[in-house]
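Chain and residue survey
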Amino acid sequence: VTPEVKSFQVGNRVTMATSISCGKCNFCQLGQTNRCSQLTPISYDYPGAFAEFLAIPARGISGGFVVKVPNGLGEEACLAEPISCAVNAQTLAGVKSGDTVVVIGAGPMGAIHTQLARANGAEKIIVTQRSKARLTLAKNFGADAVIDVTTTEPVETVKRLTNGLGADVVIVTAPEASAQEQAFYMVKKGGMVNLFASLPKGSSTLQMDSRLIHYNEIFLSGASDSTAKHMEIALALLSKRLINPGAIITHRLLLTDFHRGIQLLKERKALKVLLKP
Ligand SMILES: [Zn+2]
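Presented here is an overview of the structure given in this document. Fair warning: this is a prediction, and the values are worked out from it, not measured in the lab.

Further remarks concern the overall build of the chain. Of regular secondary structure, the chain possesses ten helices and twelve strands. In terms of overall size, the chain behaves like a compact globule, its C-alpha atoms giving a radius of gyration of 19 Å where 277 residues would be expected to give roughly 19 Å. Overall, the C-alpha framework of the chain stretches about 60 × 40 × 40 Å when taken along its three principal axes. Buried residues in the chain amount to 47% of all 277 residues.

If you want it as structure tokens, here you go:
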């Protein structure tokens, strides 16, 4: 900690909103730092966090991107960053008490979205998933129904589970165009589709009938990154045990086992792998 830093002391446990913004533009002035066009994220513009130590650039501290980890919260505080991105998305998507929410994709972000939707008061949460390994993991998230899309037609099943209406909110965490297209058929009239996962460059064009959006009065939202405010909400959710890290962190390895952790993710045996420095 350099002498000019007054807000933190040696020994403070901290985490951060990892995309440091310019602090000057219209979006930054509004506190929407994730919308800044001059973003400099940790691990892109600065060395990343797969390391024993991470040097936080001065702009990260002066810009308010560093947040203290609440007492009583252990190493699972590392989940705050991905949770903060889901907080941003569900705020934009307006997930509220009593909602039926479909989460497409039961990967780590599907797990986080499921638990966050519950914390936001969703009454019925339906998860759809393709990979067998992850279907088993999905049962631990707390979803009310898990649809195996390899054996069950997901759109009709969602309709059946919602009295023919469709879901209030559909959150797409699977990075596939077909998953995004499907969302518009699962959502209720006047409902919200949130495209949480980005599609890979070159395969991000959708083939769909826009009449569906028009006549069903469907709302659409994106979601990208998060702010320090979202990080604070994420840490509070973890502190209050409204999100159970045990259902999301499936493996805890040493940093030296980095490659094994990546392999577990590739084989879809893991959701989040916690690496200990
Ligand atoms: Zn800016």
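Further remarks concern helix α7 (residues 177-186). Counting buried positions along α7 yields seven of ten residues, so the element is predominantly enclosed. Among all positions of α7, only Ala177, Ala179, Gln180, Glu181, Ala183, Phe184 and Met186 are buried.

Quick look at the pattern of salt bridges now. For the coordinates displayed, the defined rule picks out nine salt bridges. Note that aspartate 148 and lysine 132 form a salt bridge whose closest N and O atoms lie 2.5 Å from each other. Of the two residues, aspartate 148 is situated in strand β7 (residues 145-148) and lysine 132 in helix α5 (residues 132-138); the sequence distance between them amounts to 16 residues. In this structure aspartate 148 comes out as buried when scored by relative accessible area, which is 12%. Between lysine 269 and glutamate 267 there is a salt bridge; the shortest N-O distance is 2.9 Å. Through salt bridges with shared partners, one network takes in Glu75, Arg252 and Lys276.

Let us look at the pairing of strand β9 (residues 187-195). Bridge analysis of strand β8 (residues 167-172) against β9 gives five bridges, and the strand direction is parallel. Bridge pairing in β9 places isoleucine 171 opposite asparagine 194. Traced from β8 through α7 to β9, the parallel crossover comes out right-handed. Both β9 and strand β10 (residues 219-221) contribute to a ladder of three bridges, which runs parallel. Across the sheet, the residue bridging to methionine 192 is phenylalanine 219, located in β10. Handedness of the crossover joining β9 and β10 through helix α8 (residues 210-216): right-handed.

To continue, consider the coordination of the zinc ion. Coordination of the zinc ion by the protein involves Cys22 (SG), Cys25 (SG), Cys28 (SG) and Cys36 (SG), with metal-donor separations of 2.3 to 2.4 Å. One can describe the site at the zinc ion as tetrahedral: its four donor atoms subtend angles covering 104 to 117° at the metal. Taken in sequence order, the residues that donate to the zinc ion follow the motif C-x2-C-x2-C-x7-C. A relative accessible area of 10% means that cysteine 28 is categorised as buried. Under the relative-accessibility criterion, cysteine 36 is labelled buried at 6%.

Cut-offs used in this document
- Throughout, residues of each chain are indexed from 1 in the direction in which the sequence is written.
- Reporting of local features is limited, given that this is a predicted model, to residues whose pLDDT is at least 70; pairs of side-chain atoms are given and counted only at 80 or more, and all residues count toward the totals for whole chains, interfaces and linings.
- Processing note: side-chain calculations cover all non-hydrogen atoms of the structure and skip hydrogens and water entirely.
- Secondary structure elements are defined from DSSP: runs of H or I of at least 4 residues count as helices, runs of E of at least 2 residues count as strands, and each element is numbered from the N terminus.
- Between the two quantities, the radius of gyration covers C-alpha atoms and the globule rule is 2.2 Å times the number of residues to the power 0.38.
- Only protein chains enter the calculation, and the probe is 1.4 Å; a residue is then buried if its accessible area is under 20% of its type maximum, exposed if over 50%, and partly exposed in between.
- A pairing counts as a salt bridge when a side-chain nitrogen of Lys or Arg comes within 4 Å of a carboxyl oxygen of Asp or Glu.
- A pair of strands is treated as paired once DSSP finds two or more bridges between them.
- Orient the strands so they point away from the viewer, and a crossover whose first-strand-to-second-strand path over the helix runs clockwise is right-handed.
- In this listing, donors mean N, O and S atoms no farther than 2.8 Å from the metal, or 3.2 Å for Na, K and Ca; water is missing from the atoms, so a site can look incomplete.
- All geometry calls rest on donor angles, where a four-donor set with angles between 85 and 135 degrees is tetrahedral, four- and six-donor sets with opposite donors more than 155 degrees apart and all others between 65 and 115 are square planar and octahedral, and all else is irregular.

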